[in-house]
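The primary structure of each chain is shown beneath.
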Amino acid sequence: MRIAIVAESFLPLMNGVTHSILRVLEHLQERGDEVMVIAPSTSDTAVSDVVNGAFVHRLPSVPLAGYTNVRVALGGVSRVKRILADYAPDVVHLASPFVLGWRAVQAAHQLGIPTVAIYQTEVPSYAARYGVPILENWAWNRVDNIHLRADRTLVPSTFALNQLRGRGILRVGMWRRGVDTARFSPTKRSTAWRASVAPHGERIIGYVGRLAVEKQVEDLAVLADLPGTRLVIVGDGPQRAALEAALPNAFFTGFLGGDELAQVVAGLDLFVHPGEFETFCQTIQEAMASGVPVVATGRGGPLDLVENSRTGWLYEPGDLAQLRGYVQDLVGDDAKRRAFGTAALASVQGRTWPVLSAQLVEHYKAVIAGEALVEPTAAPSHPLQAAELQAAELQAAELQATAFQPAEPATISVTSSKGLPA
């Protein structure tokens, strides 16, 4: 198969879009497919023109104002059309299309090349967070036009599926994200790292992600004075300086990747994510694969990932008192926290990238063949059947037991979870 992937962002910028593309490229390389990535240019001369077997065609670009590591590709539809015509792919994969993806979907349509669009970023809602709500309607119109023209749109969550279908986009199906359960695992838990961050045995509460306005990391200030806890912020971005000033007692690691990131995630006692505009939220899934329970906002992708009172808690968007209460509930109850962590680990079994990438290839084949999208009448709320789930939980409990190193008891001023769901 010959595939063109059009990426709004790509290396050296690491984010959810880039991460997904890299995992897909690995799978396509193993299959022996021919792949070209079309992406914005970069000023980093150390970045290779070949990534996981795919040639990267860079288009001239300019940095986004106020977010200089994000670049926007220049040029019109005709430029992208010439590239696609020369390459002659069987299918065009539009990765989180908005600017470059809008040109690409038009170019592919004019050339008669089928397209698969991956809806991964809720760009219109970012407008309000960045103080320009007047652009939100315009941005939604752009999203509508892209996905109405695409032959097939794939979304990562039920929330996103309903969101687009509610806007009249009907050729839309589900394609979730994989997680590396070998890399993210409770076995990566390091007592040495924990001691370096929480020398008095504090319970470690962590966030992993970009430090940007839309992630709402500043909401974690509501947790800053919880006794017997240490807040760890993993990531980098334009809000870092402001967040360091707002959260002076938090430990900021900066950007982490590879095994270093896996060690830190496994070393957390609790993962928190306050962002309300996640179409999926890969970092939640990585925390769960590490056996760490989650407290997240009850909107978007987390609704599919976190099961209330079993793998974590979902709080009402904007209700920071509820966020604090749920965190108190879990840091103050070791047995409950470990049970939630075991269930979280079991819930992500079977969600590996090879499995998800193979599903994506089937979508490619279907649009090339001109097949209509057939959605199941009722998708299971969990990827495992009941018996498989029970077995997975037993295996997860064994893994947790071998990996868990008890911390020194911390003083937590929580005597009950009164008012919290049972």
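Note that the structure is predicted; figures quoted are calculated from it, not measured.

Thresholds, definitions, all that
- Residues numbered from 1 in each chain as written.
- Predicted model: local features only at pLDDT ≥ 70, side-chain atom pairs only at ≥ 80, totals over all residues.
- Heavy atoms only, no water.
- 1 Å grid on protein atoms, 1.4 Å probe; cavity = no way out; pocket = protein on both sides within 12 Å on 5 of 7 lines; lining within 4 Å.
- Points joined across faces, edges and corners; volume = space filled by probe spheres on them.
- Nonpolar A, V, L, I, M, F, W, Y, C, P; charged D, E, K, R; others polar.
- Helix = DSSP H or I, 4+ residues; strand = E, 2+ residues; numbered from the N terminus.
- pLDDT = per-residue confidence, 0-100.
- Contact = heavy atoms within 4.5 Å.
- Pairing = 2+ DSSP bridges.
- Axes fitted to C-alpha atoms, helices over the stretch in contact; angles between N-to-C directions.
- Buried < 20%, exposed > 50% of the residue type's maximum accessible area, 1.4 Å probe, protein only.
- Phe/Tyr/Trp six-rings, centres within 6.5 Å; stacked < 30°, edge-to-face > 60°.
- Lys NZ or Arg CZ within 6 Å of the ring centre and 35° of its normal.
- Right-handed = clockwise from strand over helix to strand, strands pointing away.

1. Re empty space enclosed by the protein
Right, so step 1: For the structure shown, the criterion picks out two cavities of 30 Å³ or more.
Right, so step 2: The space that makes up the largest cavity amounts to roughly 40 Å³.
Right, so step 3: For the lining of the largest cavity, a count of residues per class yields six nonpolar, four polar and no charged.
Right, so step 4: Approximately 40 Å³ is the volume attributed to the second largest cavity.
Right, so step 5: Taken together, Val17, Ser20, Ile21, Val24, His93, Ala95, Ile118, Gln120 and Trp175 make up the full set of residues lining the second largest cavity.
Right, so step 6: Only helix H1 (16-31) and strand E7 (91-95) provide two or more residues apiece to the lining of the second largest cavity.
Right, so step 7: Considering every element that reaches the lining of the second largest cavity, the biggest residue donor is H1, with four residues.

2. Comments concerning the confidence of the model for the protein chain
Reading predicted coordinates in detail is not appropriate for stretches of low pLDDT.
Right, so step 1: Summarising the model, the protein chain shows a mean pLDDT of 88, and 86% of its residues fall at 70 or more.
Right, so step 2: Segment residues 376-389: pLDDT under 50, and 10 contacts once partners within four positions in sequence are set aside and those in other chains are kept.
Right, so step 3: Throughout residues 405-422 the model reports pLDDT below 50, and contacts reaching past four residues in sequence, or to other chains, amount to 32 contacts.

3. Considerations on the sheet that holds strand E14 (residues 270-273)
Backbone-to-backbone hydrogen bonds pair the strands of a sheet. The strands run either parallel or antiparallel.
Right, so step 1: Judged by pairing direction, the sheet is parallel, and its six strands sit side by side in the order E13-E12-E11-E14-E15-E16 without closing on themselves. With one partner strand each, in any of the chains shown, strand E13 (251-254) and strand E16 (312-315) form the two edges of the open sheet. Pairs of neighbouring strands in the sheet enclose a mean axial angle of 20°, with direction left out of account.

4. A short note on the side chain of glutamine 106
Right, so step 1: Take glutamine 106: it is sitting in helix H3 (residues 100-111).
Right, so step 2: Apart from the residues within four sequence positions on either side, glutamine 106 is in contact with Val77 and Arg149.

5. A word on the environment of leucine 28
Right, so step 1: With respect to the helices and strands, leucine 28 occurs in helix H1.
Right, so step 2: On the basis of relative accessible area, leucine 28 is assigned to the buried category, the value being 1%.
Right, so step 3: Distance in space between the C-alpha atoms of leucine 28 and asparagine 52 is 8.7 Å, their sequence separation being 24 residues.
Right, so step 4: Look past the residues within four positions of leucine 28 in its chain and what remains in contact with it is Ile3, Ile5, Asp33, Val35, Val361 and Tyr364.

6. Looking at unusual backbone geometry
Right, so step 1: In the segment running from leucine 11 into proline 12, the intervening peptide bond is cis, with an omega of 10°.
Right, so step 2: If you trace the backbone, proline 12 turns up in the loop between strand E1 (2-7) and H1.
Right, so step 3: Positive phi, normally seen in glycine, also occurs at serine 96, with a value near 50°.
Right, so step 4: Looking at where serine 96 falls in the secondary structure, it is placed in the loop between E7 and H3.
Right, so step 5: Residue class for serine 96 comes out buried when judged on its relative accessible area of 9%.
Right, so step 6: The backbone phi angle of cysteine 281 is positive, close to 95°, even though this residue is not glycine.

7. Brief notes about the packing of aromatic side chains
By convention here, two paired aromatic rings are described through the distance between centres and the angle between planes.
Right, so step 1: All told, the structure shown has four aromatic pairs when counted by the stated rule.
Right, so step 2: Ring-pair connections join several aromatic residues into one group, and the members of that group are Trp313, Tyr326 and Phe340.
Right, so step 3: Cation over ring: arginine 142 sits above phenylalanine 98, and NZ or CZ is 5.8 Å from the ring centre.

8. What about the pairing of E1?
Right, so step 1: Most of E1 sits out of view: five of its six residues are buried.
Right, so step 2: Pairing analysis gives five bridges linking E1 to strand E2 (residues 34-40), with the strands arranged parallel. Considered in E2, the bridge of alanine 4 is made with methionine 36.
Right, so step 3: Of the crossover connections in this fold, the one passing from E1 over H1 to the parallel E2 is right-handed.
Right, so step 4: Strand direction decides the pairing type here: E1 and E7, joined by five bridges, are parallel. The residue of E7 that forms the bridge with valine 6 is leucine 94.

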